[in-house]
Amino acid sequence: LWLWRKPIRCKMRDGKEVNLLIIDTEGIGSLDADADHDAKIFALALLLSSYFIYNSVGSIDEAAINSLSLVVELTKHIRTKAGGGAETGENFAQFFPHFLWVVRDFGLQLCDEAGSAITSKQYLERALTPTQGFSETAEVKNKIRRMLLAFFPDRDCVTLKRPVEDESMLQELDSIGWDSLRPEFVEQVRQLRRKIYTNSPPKMLNGRALDGSMIGWLADAYSKGINEGEKLNIGDAWAQVSKSKNQQATDAAVRHYEAAAAQVAKKDLPMSGRDLEARHGEMSAAAMRVLKAGSIGDDLEAFQLEASEKIANAYRELRESNSAMAKEAALEACRQAYQPIEEGLDGGAYDS
């Protein structure tokens, strides 16, 4: 998988701005890779994406659908729950991304048997309609169709004409300008880009929108699973993401308290023990709000305990600083009060 180094700032149809991070994968069916390798790449890309774009050439015929036969292998590589037990794939839809099938060099007319115009999405739905018959071949074809329909309830299709009429120019597409391409192709690409930019939702997992760190933790967990020959376990990966995110929130809460304590030490000490205790209560409550806001789930007892212990240590240091500064302030007050007396003694003012 290749990751673009810089996200694209996009605006969804509802006006919400999102960062679009583009991931590219090697094509399936490579001569130097087997079907198991393809299925792992396919599974990893699916689990990291919120909007999955699959592209093929020509039309959505039996050969094109058969090229997606690796969806049948997904239950061998993905688990939706932690622990044991057979994976059926029945819960895949809630974890899988939106699916967009892009058909390049499309030369057919988008119409039904009666000649009426249909949309590219309707074309996809018609292609995914199970074929009739009970033969083993028909069953294999229909299994792929049923899985595509079940795994990707939010699906769409876009067709693109061949970019140039002159076939000799196909090998030079990377070097020719847009003005040399067919106008209808250029318009289709612009519409496709607009569709992607306005329809790519935030990456969600267990009802939570993932930030960059969380997606990084997911990628790390899934990659380790692949490299160790294990299934991509969504449940275990989510547990690891939650742990990492909650640890991050815990560290942020402690830093928040320490920063506030440093300001108190710099500007407000010394103060009475009662006032210091009140300030500690305020800073501690604010730190716990930081932890709560940045954490995932409700099982936070261990993280709250860790934060409380570290905050208690920081508070102990603050009390020690306060005591030392209070002692120094008292000694200084005594010195200033005694100074006139000392000067009088030295000057003989108190001789009897």
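Residues numbered from 1 in each chain as written. Predicted model: local features only at pLDDT ≥ 70, side-chain atom pairs only at ≥ 80, totals over all residues. Heavy atoms only, no water.

1. Observations regarding a nonpolar patch on the surface
Inclusion rule: Each patch is built from residues that are more than 30% exposed by relative accessible area and take part in no salt bridge. Like charges join if they lie within 9 Å; nonpolar side chains (Val, Leu, Ile, Met, Phe, Trp, Tyr) join within 5 Å. Every accessible area reported is derived by Shrake-Rupley at a probe size of 1.4 Å, with residue values counting cover from the shown protein chains alone. In the sections that follow, a salt bridge refers to a side-chain nitrogen of Lys or Arg positioned within 4 Å of a carboxyl oxygen of Asp or Glu. Elements are defined by DSSP. Helices are runs of H or I of four residues or more, strands are runs of E of two residues or more, and each kind is numbered from the N terminus.
There is a patch of nonpolar side chains on the surface, built from Leu1, Leu3, Leu21 and Ile23 and spanning about 330 Å² of accessible area. As for its position among the elements, Leu1 is in the segment before strand S1 (2-3).

2. Focus: the pattern of salt bridges
Oppositely charged side chains may form a pair once their charged atoms are brought near each other. Inclusion rule: For every residue, the accessible area obtained with a 1.4 Å probe (protein chains only) is divided by the maximum for its type, and the residue is called buried under 20%, exposed over 50%, and partly exposed between those limits.
The full count for this structure, using the stated rule, is 16 salt bridges. Two residues, Lys224 and Asp220, come together in a salt bridge whose shortest N-O distance is 3.3 Å. Here Lys224 pairs with Asp220, and both are found in helix H7 (residues 212-227), just four residues apart, close to one helical turn. On the basis of relative accessibility, which here comes to 45%, the residue Lys224 falls in the partly exposed class. Given the relative accessible area of 40%, Asp220 is considered partly exposed. Between Lys310 and Glu306 there is a salt bridge, with the nearest N and O atoms lying 3.0 Å from each other. You can see Lys310 and its partner Glu306 sitting in helix H10 (residues 301-346), four residues apart, about one turn around the helix. Overall, Lys310 belongs to the partly exposed group, its relative accessible area being 35%.

Limitation: the analysis is restricted to geometry and does not speak to function.
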